[in-house]
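Close look at the chain arrangement
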Amino acid sequence: MTNPQQTVDFGRREYRVENRSVAWSIPARSVIVSIALVVVIIVSGIASMTIGAYDVSFGEVLRALVDPNVDPDTRQVVFEWRFPRVLFAVLCGAALALSGGIFQSLTRNPLGSPDIIGFGVGAQFGVTLMMVGLGLNTYMYKAAGALVGGLMTALLVYALAMKRTVSSFRLIIVGIGVSAGLGSLTSWILISVSVEKAMMAATWGAGSIASLGFDQLLPATAVFAIVAIAALPLNRTLPVLEMGDDAATALGVHPGRTRLAAMVLGVALVALVTAAAGPISFIALAAPQIYQRLTRTNTPMGTVPLMLTGAALVVVSDTVAQLCRVPVGVITVSVGGLYLAWLLAAQYARRA
């Protein structure tokens, strides 16, 4: 039988659960941050469901979600059309945040996100090739293209950055170069095809979750659950790997296998989002850093609070996108570009 106890550990208030074989602690700050993020997600999600050509009030949204006997038109608009969009925003944000935490912890650098080191662009290139080059536009084909494109890009970046060991700075620089090259190839493909195909790919490439429903949500949720569960051990091993290969080996962590598993799982999370909604940039870059500052942890790798941070960012961004009548990717790029400029300036000032 478990006995919850409140303890103080290194000056932090924690909730500790113990039994004969298991003992773990949850910092109270993480619990408070998680609750606050859930409130932000719920309020922003309900607010986003009131926006659209069909006017629905806040109260009508709540009734449509809990009462199946409300007006059928309102029920259809809220539950069947707008509710899946909010759930997809939560899913995409959680997946991108977890992927960003994996890669930033792996590279030991706040710039080491899949947006910067080219893995997201590689996934986008793979989907573009599937859609435009091969004419395969179903979700499964796009998911396969995103995964293969992301993994091939990751292997290329690691091969080019390898020099005895993989330096995080060299990995980021090589990733930026590979990202620029793949972006050019994607543009070349789009100007080489018909206007209809180019417009279809460009619309998807803006990053939008407006047309997604339960048909796409259910398989995407199943894949995300599998990858997220598989990534749980990384929450323990990646922070150890941040101390260096020698220290990690001494503590029983195999650096090579850990990096390979982290790379595959991180790319799979990016591919999942890219295949469904297109590239939603800068969430993977910003969410781990915001999570660190909110919870005051020493590593960008986390679990529930990290994923809730990403989910809140995408839900709020999508609400703003609906007000501005633009795809959510446009909002995240606009805000993320400013955040990237600030992060680069802060990094330079710290080194100076």
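Report on the accompanying structure. (Residues numbered from 1 in each chain as written. Predicted model: local features only at pLDDT ≥ 70, side-chain atom pairs only at ≥ 80, totals over all residues. Heavy atoms only, no water.)

1. Quick notes on the overall build of the protein
Summing up its helical and strand segments, the protein has 14 helices and 5 strands in all. Put simply, 68% of the contacts in the protein that link residues at least 6 apart link residues at least 24 apart. (Helix = DSSP H or I, 4+ residues; strand = E, 2+ residues; numbered from the N terminus. Contact = heavy atoms within 4.5 Å.)

2. Overview of a nonpolar patch on the surface
Together, Ile 35, Val 39 and Val 43 line one region of the surface with nonpolar side chains, adding up to about 260 Å² of accessible area. Within the fold, Val 39 resides in helix α1 (residues 28-48). Residue classification places Val 39 among the partly exposed residues on the basis of a relative accessible area of 46%. (Patch = residues over 30% accessible without salt bridge, like charges linked within 9 Å, V, L, I, M, F, W, Y side chains within 5 Å. Areas by Shrake-Rupley, 256 points an atom, 1.4 Å probe, with all protein chains shown as cover. Salt bridge = Lys/Arg side-chain N within 4 Å of Asp/Glu carboxyl O. Buried < 20%, exposed > 50% of the residue type's maximum accessible area, 1.4 Å probe, protein only.)

3. With respect to the nonpolar core
Residues Leu 98, Ile 102, Phe 224 and Ile 280 are the most contacted members of the largest nonpolar core, which totals 88 residues. Among the elements that take part in this core, helix α11 (residues 255-277) stands out by supplying 13 residues, more than any other. Apart from residues no more than four positions distant in its own chain, Leu 98 is found in contact with Ala 228, Ala 231, Leu 269, Met 301, Gly 302, Leu 306 and Met 307. Core analysis: the next-biggest nonpolar cluster, separate from the first, contains 9 residues, Val 61, Val 70, Val 77 and Val 78 among them. (Core = buried A, V, L, I, M, F, W, Y, C linked by side-chain atoms within 4.5 Å.)

4. Remarks on unusual backbone geometry
The residue Arg 108 is not glycine, and still its phi comes out positive at about 55°. Turning to its location among the elements, Arg 108 is positioned in the loop between α3 (72-107) and α4 (119-133). Of note, the phi angle at Phe 282 is positive, near 75°, even though the residue is not glycine. Relative to the assigned elements, Phe 282 resides in the loop between α11 and α12 (283-295).

5. A short note on the packing of aromatic side chains
Taken as a whole and assessed by the stated rule, the structure comprises 3 aromatic pairs. Between Phe 79 and Phe 214, the ring centres sit 5.8 Å apart and the planes meet at 40°, which makes this aromatic pair tilted. Placement of the pair is Phe 79 in helix α3 and Phe 214 in helix α8 (residues 214-230), with a sequence separation of 135 residues. Of the residues examined, Phe 79 reaches a relative accessible area of 25% and is grouped as partly exposed. Overall, Phe 214 belongs to the partly exposed group, its relative accessible area being 28%. Every member of this aromatic cluster is reached through a ring pair, and the members are Phe 79, Phe 83 and Phe 214. Just above the ring of Phe 79 sits the side chain of Arg 75; from NZ or CZ to the centre is 4.2 Å. (Phe/Tyr/Trp six-rings, centres within 6.5 Å; stacked < 30°, edge-to-face > 60°. Lys NZ or Arg CZ within 6 Å of the ring centre and 35° of its normal.)

6. A short note on the pattern of salt bridges
Overall, the coordinates contain 1 salt bridge when judged by the stated rule. Among the salt bridges present, the one from Arg 85 reaches Asp 318, with a minimum N-O distance of 2.9 Å. Of the two residues, Arg 85 is situated in helix α3 and Asp 318 in helix α13 (residues 304-324); the sequence distance between them amounts to 233 residues. We note that Arg 85, like Asp 318, is buried.

7. Overview of helix α5 (residues 139-161)
Between its terminal C-alpha atoms α5 stretches 32 Å, which fits the 33 Å expected from 23 residues at 1.5 Å a residue. Every buried residue of α5 is listed here: Tyr 139, Lys 142, Gly 145, Ala 146, Gly 149, Gly 150, Thr 153, Ala 154, Val 157, Tyr 158 and Ala 161. (Expected span 1.5 Å × (residues − 1).)

8. Observations regarding the packing of α5 against α11
Packing of α5 against α11 brings their axes to within 8 Å, and their N-to-C directions diverge by 140°. Put simply, α5 runs oblique to α11. When you trace α5 past α11, the crossing you get is right-handed. Where α5 approaches α11, its residues Tyr 139, Lys 142, Ala 143, Ala 146, Leu 147, Gly 150, Leu 151, Ala 154, Leu 155 and Tyr 158 are matched on the opposing element by Met 263, Val 264, Val 267, Ala 268, Ala 271, Leu 272, Thr 274, Ala 275 and Ala 276. A class-by-class count of the residues in the contact of α5 with α11 yields 16 nonpolar, 2 polar and 1 charged. (Axes fitted to C-alpha atoms, helices over the stretch in contact; angles between N-to-C directions. Parallel < 35°, antiparallel > 145°, perpendicular 65-115°, else oblique. Left-handed = near helix turned anticlockwise from the far one by under 90°. Nonpolar A, V, L, I, M, F, W, Y, C, P; charged D, E, K, R; others polar.)

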